[in-house]
Amino acid sequence: MRDPFHDGLASGWKHIDASGLSADQTFEADVVIIGSGAGGGVTAEILSTSGLRIILIEEGPLRSSEDFKMRESDAYPELYQESASRKTADKAINIMQGRCVGGSTTVNWTSSFRTPRSTLEWWQSAWGLKRLTVDSMAPWFAAMERRLHVAPWPLPPNQNNAALVRGAAHLGIPVNVIPRNVKRCWNLGYCGMGCPTNAKQSMLVTTIPAALEHGAMLISRLRAEKLEFSGRQVSALAATALKADGLHPSGVTVTLRARHFVLAGGAINSPALLMRSRATDPHELLGKRTFLHPVVISAALFNETIMASSGAPQSVYSDHFQELAAVDGPLGFKLESAPLHPVLFATTLQGWGEPHARLMRSFTHSQTTLALIRDGFHPESRGGQVVLRADGSPVLDYPLNDVIWDAARRALLVMAEIQFAAGATWVTPVHETSPGYSSWPEARDGIVGLPLAPLRCRVVSAHVMGGCRMADTAERGVVNDEGRHFAYDNLSIHDGSVFPTSIGANPQLSIYGLVARNASLLAAALTGRPKPAIL
Amino acid sequence: MTSRREFLKTGLAGGLLLNVAGCTRPSADGGREVILKALIPVLLAGALASEGEARQTQLALTISGVGKAIDGLSLATQKEVGELFDLLAFPPTRILAAGLWSSWPEASPVAIGEFLENWRHSRFNLLKSGYAALHDLVFGAWYARPDTWAAIGYPGPPKVE
């Protein structure tokens, strides 16, 4: 198997692993981009192809297909924030977020949805984002869909996803095929550990190589510590080189200077950098309204083999329960499946000792359905707040309140009903006191009375959004709809932190589309050339 | 939802216990290993070999796996996990917070099981999250190892040439 990133490096792409630097250094470019995920990758390609000199920095390591051995023991510590065990302040929600070149796009499950119409319309009416209409955004989504080969998955779903199709069909619940950003996909099922065949069209194999081909420089294992300001300008970025372990500072400091800075560290890390830098925040918006699509999980046993570790992890979904009520009514949820691998399943599953071992022995017959709860629209759903620990590292304080639990209970009921309709012999919400149920009537009675509370009902998240929200005025937004910071003229934010609510769908394509638009506008502004035709 | 008062109580009591335990850093010199040696056979009952050399080897591999997992956590989380093991290692806090009167090597599997259930279903988030940390570290370290996969029918990753 060829590793195109290795070939590119051999052909002269500029990459510095900051853990190897032995002395303090200063770098200069037209634009410094902080973070190499969905936002940073797209920005790097668009700016570098317009002739701008780019430096792209990433806190995580550079890993590419040769390194992706499909083992959880390597993937979680190497490729994820905090070894895939980043947690909210009360430890009640586990957050999966990438930390490697390509960011979360290197480890996500490839589900690619345009920002839903209901979300864009809400942003227009509630957040004054009048220019972000379905029609004006459509060409940007279409452009990124072409760039990243996004298309509905053409193969039959694996048994894990097929169970969702079957159960929903019995109950008359509509299910659709998920568009995925893959090219010549082998249907292996290991997207979450880095794609070993380069089929996933992540930033690692698309936009970042394109930027490097145009002369951009990539610096990995470099932590953005602090922006320095001078009036309405960002004057420099102070960054800390990490040791090869990716955790401890090596003692080397790197200073980066540029005409313009693009912040693309993702929700949690982007607001945290501004907070550490004491960026002006007169309306106290930074880090607030951070959303997670809190996920609750229902596990089921089937007589037939499911083998949820194998095949495209997510290939079908249902938005039925997202569209039942008004967007700001009782919280809706999106139904999807989740792949199972031994560590992910064993750590997520409740209990210990023989009961846990028994469930694990049914690993190949286990199916899981998950519900992503759409947070940030209902007046009582205000998300969480990023705060800084004493060492400057961020932690998200996200209180799980009644509107979330109300949606969680409806979702756990619906998922159990679907699983039994699909032929499950046993179903349990992932919950510390659920005994598990052998029939739908039994599950219905049990789940209605299940105490839903933090650290009792398992809640996870793979989608972090908000914290540097965009809006029409500085009173209610950190940036405008172009991602330009209201207080600093040469600072843009190009990542999921700008969303004023959650998306209501896996967010990668929402980031790609909005950032393609905003990076194109920025390229025009910085080069003095005309704005792109599709605006 | 945790009430404000309950939160303060937990925060205060938890903080005090952690401070007392943390002064002596009892988990630093092998304290963590002693705790894990007692905990792992209880958490992994039904998965760990029931006796013999295999059991000892698996136990040692799991303990080192937990150590490796902790070393990969953020520095802030490593500190918190260190405090958790300090709390469990320091006899007064072990008795107060975990309800375990015997030392770890002498504690019966039943007593350790009761401790796990007490924390798992505690009123206090601090203790519930302590249970969750032990759960995730031990099960994560166990199922990360290819030699544990046959028992659950997981074939391991496919070959990619």
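Residues numbered from 1 in each chain as written. Chains lettered and ligands numbered in written order. Predicted model: local features only at pLDDT ≥ 70, side-chain atom pairs only at ≥ 80, totals over all residues. Heavy atoms only, no water.

**Things to note about the overall build of chain A**
Spelled out, the test is: Secondary structure counts use DSSP, requiring at least four H or I residues in a row for a helix and at least two E residues in a row for a strand, with both numbered from the N terminus. Between the two quantities, the radius of gyration covers C-alpha atoms and the globule rule is 2.2 Å times the number of residues to the power 0.38. Note on exposure labels: buried denotes an accessible area under 20% of the residue type's maximum, exposed denotes more than 50%, and partly exposed covers the range between, all computed with a 1.4 Å probe on protein chains only. Between two residues, a contact is recorded if the distance between any of their heavy atoms is within 4.5 Å.
Within chain A, the secondary structure is distributed over 14 helices and 23 strands. Expected size for 535 residues packed as a compact globule is a radius of gyration near 24 Å; at 22 Å, chain A falls within 12% of this value. Dimensions of chain A along its principal axes, counting C-alpha atoms only, are 65 × 50 × 45 Å. When each of the 535 residues of chain A is scored for burial, the buried share is 66%. Taking the intrachain contacts of chain A between residues at least 6 apart in sequence as the baseline, contacts between residues at least 24 apart amount to 75%.

**Digging into the pairing of strand E9 (residues 217–220) of chain A**
Residue and element names in this part refer to chain A. We apply this condition: When DSSP finds two or more bridges between a pair of strands, those strands are recorded as paired.
Here E9 shows two buried faces, one formed by Met217 and Ile219 and the other by Leu218 and Ser220. Note that strand E1 (residues 14–17) and E9 share four bridges and pair parallel. If you follow His15 over to E9, its bridge partner there is Leu218. As paired elements, strand E3 (residues 54–57) and E9 share three bridges and run parallel to each other. Counterpart to Ile57 in the pairing with E9 is Ile219.

**Comments concerning the interface of chain B and chain A**
Interfaces are often sized by the amount of accessible area the parts lose when they come together. For clarity, the threshold we go by: Accessible surface is computed with a 1.4 Å probe, and the buried area is the amount of it that two parts give up when combined, taken over both parts together. Salt bridge, as applied in this entry: a Lys or Arg side-chain nitrogen positioned within 4 Å of an Asp or Glu carboxyl oxygen. Gly is put with the polar residues, along with every residue not named as nonpolar or charged; the nonpolar set is Ala, Val, Leu, Ile, Met, Phe, Trp, Tyr, Cys and Pro, and the charged set is Asp, Glu, Lys and Arg.
Across the contact, 43 residues belong to chain B and 48 residues belong to chain A. Across the chain B to chain A interface the summed buried area is about 3,800 Å²; carbon plus sulfur atoms make up 62%. Summed over the shared surface of chain B and chain A, the result is three salt bridges. The partner of Arg458 of chain A in a salt bridge is Asp136 of chain B, with the nearest N and O atoms 3.6 Å apart. Broken down by secondary-structure element, the contributors of at least two residues to the side of chain B that touches chain A are helix H2 (31–43), helix H4 (75–89), helix H6 (109–120) and helix H7 (125–143) of chain B. Within the side of chain B that touches chain A, the residues separate by chemical class into 22 nonpolar, 14 polar and seven charged.

**With respect to unusual backbone geometry**
Residues and elements named next belong to chain A. Residue Glu82 is not a glycine yet carries a positive backbone phi of 50 degrees. Phi is positive for Arg184, which is not a glycine, with a value near 50 degrees. Turning to its location among the elements, Arg184 is positioned in the loop between strand E8 (179–181) and helix H8 (207–213). The class of Arg184 is exposed, set by a relative accessible area of 70%.

**Quick look at the packing of aromatic side chains**
For clarity, the threshold we go by: Note on ring pairs: Phe, Tyr and Trp rings are taken, using the six-membered ring of Trp, and paired if centres are within 6.5 Å. Classes follow the plane angle, with under 30 degrees stacked, over 60 edge-to-face and the rest tilted. For a Lys NZ or an Arg CZ to count as sitting over a ring, it must be within 6 Å of the ring centre and within 35 degrees of the ring normal.
Going through the model one piece at a time under the given rule, you end up with twelve aromatic pairs over all chains. Centre to centre, the rings of Tyr76 of chain A and Tyr80 of chain A are 5.5 Å apart; their planes meet at 80 degrees, and the pair counts as edge-to-face. The two residues Tyr76 of chain A and Tyr80 of chain A agree in class, both being buried. Ring plane angle 85 degrees and centroid distance 5.6 Å describe the contact between Phe363 of chain A and Tyr154 of chain B, whose orientation is recorded as edge-to-face. Separated into two different chains, Phe363 of chain A in the loop between helix H11 (353–361) and strand E17 (366–373) and Tyr154 of chain B in the segment after H7 make up a pair that spans both. With respect to class, Phe363 of chain A is no different from Tyr154 of chain B; both count as buried. Aromatic rings pair up to connect Phe345 and Phe363 of chain A together with Trp149 and Tyr154 of chain B into one cluster. Taking the ring centre of Trp153 of chain A as reference, the NZ or CZ of Arg180 of chain A above it sits at 4.4 Å. When the ring centre of Phe113 of chain A is taken as origin, the NZ or CZ atom of Lys334 of chain A, which lies over that ring, is 3.9 Å away.

**Digging into the packing of helix H2 (residues 38–49) of chain A against helix H14 (residues 508–527) of chain A**
Residues and elements named next belong to chain A. Inclusion rule: Axes here refer to lines fitted to C-alpha atoms; in helices the fit is confined to the stretch in contact. Angles between the N-to-C directions go from 0 to 180 degrees. If you view the pair so one helix is near and one far, a crossing is left-handed when the near helix is turned anticlockwise from the far one by less than a right angle, and right-handed when it is turned clockwise.
The interhelical angle for the contact between H2 and H14, taken along N-to-C directions, is 35 degrees, at an axis separation of 9 Å. Once H2 is placed against H14, the crossing between them reads as right-handed. For the pair H2 and H14, contact is made by Ala38, Gly39, Val42, Thr43, Ile46 and Leu47 and by Ile511, Tyr512, Val515, Ala516, Ala519, Ser520, Leu522 and Ala523, respectively.

**A short note on the confidence of the model for chain B**
Interpretation of this model should avoid reading the predicted coordinates in detail wherever pLDDT is low. Residue and element names in this part refer to chain B. Counted only if it meets this: Every residue gets a pLDDT, meaning the predictor's confidence in that residue, from 0 to 100.
For chain B, the average pLDDT comes to 87, and 82% of its residues sit at 70 or higher. Taken together, the stretch residues 1–12 has pLDDT below 50 and engages in twelve contacts with residues farther than four places along the chain or on a different chain. Predicted as a complex, the structure gets a pTM of 0.96 and an ipTM equal to 0.95.

**Notes on helix H12 (residues 402–421) of chain A**
Residues and elements named next belong to chain A. What counts is decided by this rule: How far a helix is expected to stretch is found by multiplying one less than its residue total by 1.5 Å.
In this model, H12 (20 residues) spans 29 Å end to end at C-alpha, consistent with the 28 Å of a helix rising 1.5 Å per residue. Along H12, 14 of the 20 residues are buried, which leaves the element largely enclosed by surrounding structure. At the exit of H12 stands Gly423, carrying a positive phi of roughly 110 degrees.

**Observations concerning helix H5 (residues 91–98) of chain B**
Residue and element names in this part refer to chain B. Heads up, the rule is: The directions considered for the arc run from the helix axis to the C-beta atoms.
Within H5, the full set of buried residues consists of Thr93, Arg94, Ala97 and Ala98. Taken down its axis, H5 places every buried residue within 105 degrees of arc, on the same side. Looking one or two residues beyond H5, the residue adopting positive phi is Gly99, at roughly 70 degrees.

**Considerations on the side chain of Ser74 of chain B**
Our working rule: Between N or O atoms, a polar contact is any pair within 3.5 Å; within protein, one atom must be a potential hydrogen donor and the other a potential acceptor, and residues adjacent in sequence are included only when both atoms are from side chains.
Along the chain, Ser74 of chain B falls in the loop between helix H3 (52–71) and H4. Note on Ser74 of chain B: relative accessible area 14%, which makes it buried. Reaching out from Ser74 of chain B, the side chain makes a polar contact with the side chain of Thr77 of chain B at a distance of 2.8 Å. Those residues within four positions of Ser74 of chain B in sequence are excluded, and the remaining contacts are Glu82 and Leu247 of chain A.

**Some words on the environment of Asp375 of chain A**
Residues and elements named next belong to chain A. Mapped onto the elements, Asp375 comes out in the loop between E17 and strand E18 (385–388). A relative accessible area of 0% means that Asp375 is categorised as buried. Along the backbone, Asp375 and Pro313 are 62 residues apart, and their C-alpha atoms lie at a distance of 24 Å. With sequence-adjacent residues up to four places away left out, Asp375 is seen in contact with Phe291, Leu292, His293, Pro294, Leu331, Ser381, Tyr398, Ile404, Thr501 and Ser502. A polar contact is formed between the side chain of Asp375 and the backbone nitrogen of His293, at a distance of 3.2 Å.

**Thoughts on the pattern of salt bridges**
Opposite charge on two side chains lets them pair, provided their charged atoms get close. Residues and elements named next belong to chain A. One pass over the structure, following the stated rule, counts 26 salt bridges over all chains. In this structure, Glu59 engages Arg99 in a salt bridge whose closest nitrogen and oxygen atoms are separated by 3.3 Å. Placement of the pair is Glu59 in the loop between E3 and helix H3 (72–79) and Arg99 in the loop between strand E5 (93–95) and helix H4 (104–107), with a sequence separation of 40 residues. Residue Arg99 is classed as buried on the basis of its relative accessible area of 11%. For the salt bridge of Asp445 with Arg444, the shortest nitrogen-to-oxygen distance reads 4.0 Å.

**Considerations on the nonpolar core**
Among soluble globular proteins, nonpolar side chains are generally buried collectively. Rule in force here: To define a nonpolar core, start from buried Ala, Val, Leu, Ile, Met, Phe, Trp, Tyr and Cys residues and group those joined through side-chain atoms within 4.5 Å.
In this structure, Trp123, Leu237 and Leu256 of chain A together with Phe115 and Trp119 of chain B are the most contacted members of the largest nonpolar core, which totals 210 residues. In terms of residues, this core owes the most to one element, H12 of chain A, which gives 13 residues. Counting seven residues, the second largest nonpolar core, distinct from the first, contains Ile297, Ala299, Ala338 and Leu372 of chain A.

**Details of the packing of helix H6 (residues 134–147) of chain A against H14 of chain A**
All names here are of chain A. Here is the rule: Angle categories are assigned with fixed cut-offs, so that under 35 degrees is roughly parallel, over 145 is roughly antiparallel, 65 to 115 is roughly perpendicular, and the rest are oblique.
Packing of H6 against H14 brings their axes to within 8 Å, and their N-to-C directions diverge by 110 degrees. The orientation of H6 with respect to H14, classified from their angle, is roughly perpendicular. On the side of H6, the interface is formed by Met137, Trp140, Phe141, Met144 and Glu145, while H14 contributes Leu509, Ser510, Tyr512, Gly513, Leu514, Ala516, Arg517 and Ser520. Of the residues contributing to the contact of H6 with H14, the split by class is eight nonpolar, three polar and two charged.

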